[in-house]
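Residues per chain are reported as follows:
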Amino acid sequence: LESASFHKYPTSWVFTSGTSARLIRWAETASEQISGTLQTSELQGESVQGNTASVTGSRNGTVLILTIDQLFGSTSITGEIGDAALTIYWPASSGRLEPISFTPGTVDDYNAHVDTLSGYARSNQEAAYGAEAINAADTKLARAKRNLEVAIVGADTALDWVSY
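This section reports on the structure supplied with the text. (Residues numbered from 1 in each chain as written. Predicted model: local features only at pLDDT ≥ 70, side-chain atom pairs only at ≥ 80, totals over all residues. Heavy atoms only, no water.)

**With respect to the side chain of S20**
Residue placement: S20 occurs in strand β2 (residues 20-28). For S20, the contacting residues outside a window of four places in its chain are F15, S41, E42, H113 and L117. (Helix = DSSP H or I, 4+ residues; strand = E, 2+ residues; numbered from the N terminus. Contact = heavy atoms within 4.5 Å.)

This is the structure we're talking about:
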């Protein structure tokens, strides 16, 4: 049987930023054990990279202790949950714990932000292609300028011979 506390807090949470989207969803047992997934998408230049990890853990009142199992190991994190926010304290490379605030959300909310990130990636691709085109045009222009300079020097030399 599920406890009344099972239904106390949302079990689907979304975090979004200008470069990433995260969706954490879980089921909770009557004994406040958690099992679910963490889906992440990160904008990396001209593409969006996605990853899925399993999440297990427990809740004691408003405190969460979670283990994120990824391909190259697991990470244990803590968090705090309320009706309107889930704050996860993620270990940063600096050694600090960085708070990441999630809000209640759905798969559709997450997917909508991933679509936005994909649009940014396409814009980055177009900008890169535009920069390549400009660089190619600059190279051609520099080559044409050198050829023109050579032609002018050659014409000037030819005129010097004609004038003798």
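So, next bit.
**What to know about the pattern of salt bridges**
Inspection of the entire model under this criterion finds four salt bridges. Note that R22 is salt-bridged to E42, the shortest N-O span being 3.4 Å. Remark: E42 occurs in strand β3 (residues 33-44) and R22 occurs in strand β2; sequence separation between them is 20 residues. A relative accessible area of 24% places E42 in the partly exposed class. In this structure, R59 engages E32 in a salt bridge whose closest nitrogen and oxygen atoms are separated by 3.5 Å. Here the residue R59 occupies a position in strand β4 (residues 47-60), and E32 occupies one in the loop between β2 and β3, the gap between them amounting to 27 residues. With a relative accessible area of 4%, R59 lands in the buried category. (Salt bridge = Lys/Arg side-chain N within 4 Å of Asp/Glu carboxyl O. Buried < 20%, exposed > 50% of the residue type's maximum accessible area, 1.4 Å probe, protein only.)

**Some remarks on the pairing of strand β6 (residues 73-81)**
With eight bridges joining them, strand β5 (residues 63-70) and β6 adopt antiparallel strand pairing. In the sheet register, D69 faces β6, and the bridge partner there is S74. Hairpin connection, β5 to β6: the antiparallel pair is bridged by two residues. Pairing geometry for β6 and strand β7 (residues 86-91), over four bridges, is antiparallel. The partner of G79 across the bridge, within β7, is I88. Linkage of β6 to β7, two consecutive antiparallel strands, is achieved through a turn of four residues. (Pairing = 2+ DSSP bridges.)

**Considerations on the nonpolar core**
Counting residues in hydrophobic clusters, the biggest one holds 18 residues, and the most contacted among them are I24, W26, L66, L86 and F102. Breaking this core down by element, the ones donating at least two residues are β1 (12-16), β2, β3, β4, β5, β6, β7 and β8 (97-104). Counting residues per element, this core draws most heavily on β5, which supplies three residues. Contact partners of I24, with chain neighbours within four places excluded, come to T11, S12, W13, T37, L38, V55, L66, L86 and F102. Counting residues in hydrophobic clusters, the runner-up holds eight residues, among them V14, L43, L117 and A121. (Core = buried A, V, L, I, M, F, W, Y, C linked by side-chain atoms within 4.5 Å.)

**Here we look at the sheet that holds β7**
The eight strands are arranged β1-β2-β3-β4-β5-β6-β7-β8 in a closed barrel whose pairing can be described as antiparallel. Between one strand and the next, the sheet's axes are offset by a mean angle of 30°, whatever the strand orientation. As judged from the seven bridges shared by β4 and β5, these two strands associate in the antiparallel manner. The residue of β5 that forms the bridge with T56 is T67. (Axes fitted to C-alpha atoms, helices over the stretch in contact; angles between N-to-C directions.)

**Regarding the environment of G57**
Position of G57 among the secondary structure elements: in strand β4. According to the relative accessible area criterion, G57 is buried, its value standing at 18%. Between the alpha carbons of G57 and E32 there is a distance of 8.6 Å; along the sequence they are 25 residues apart. Residues contacting G57, with those up to four places away along its chain left out, are E32, Q33, I34, I65 and L66.

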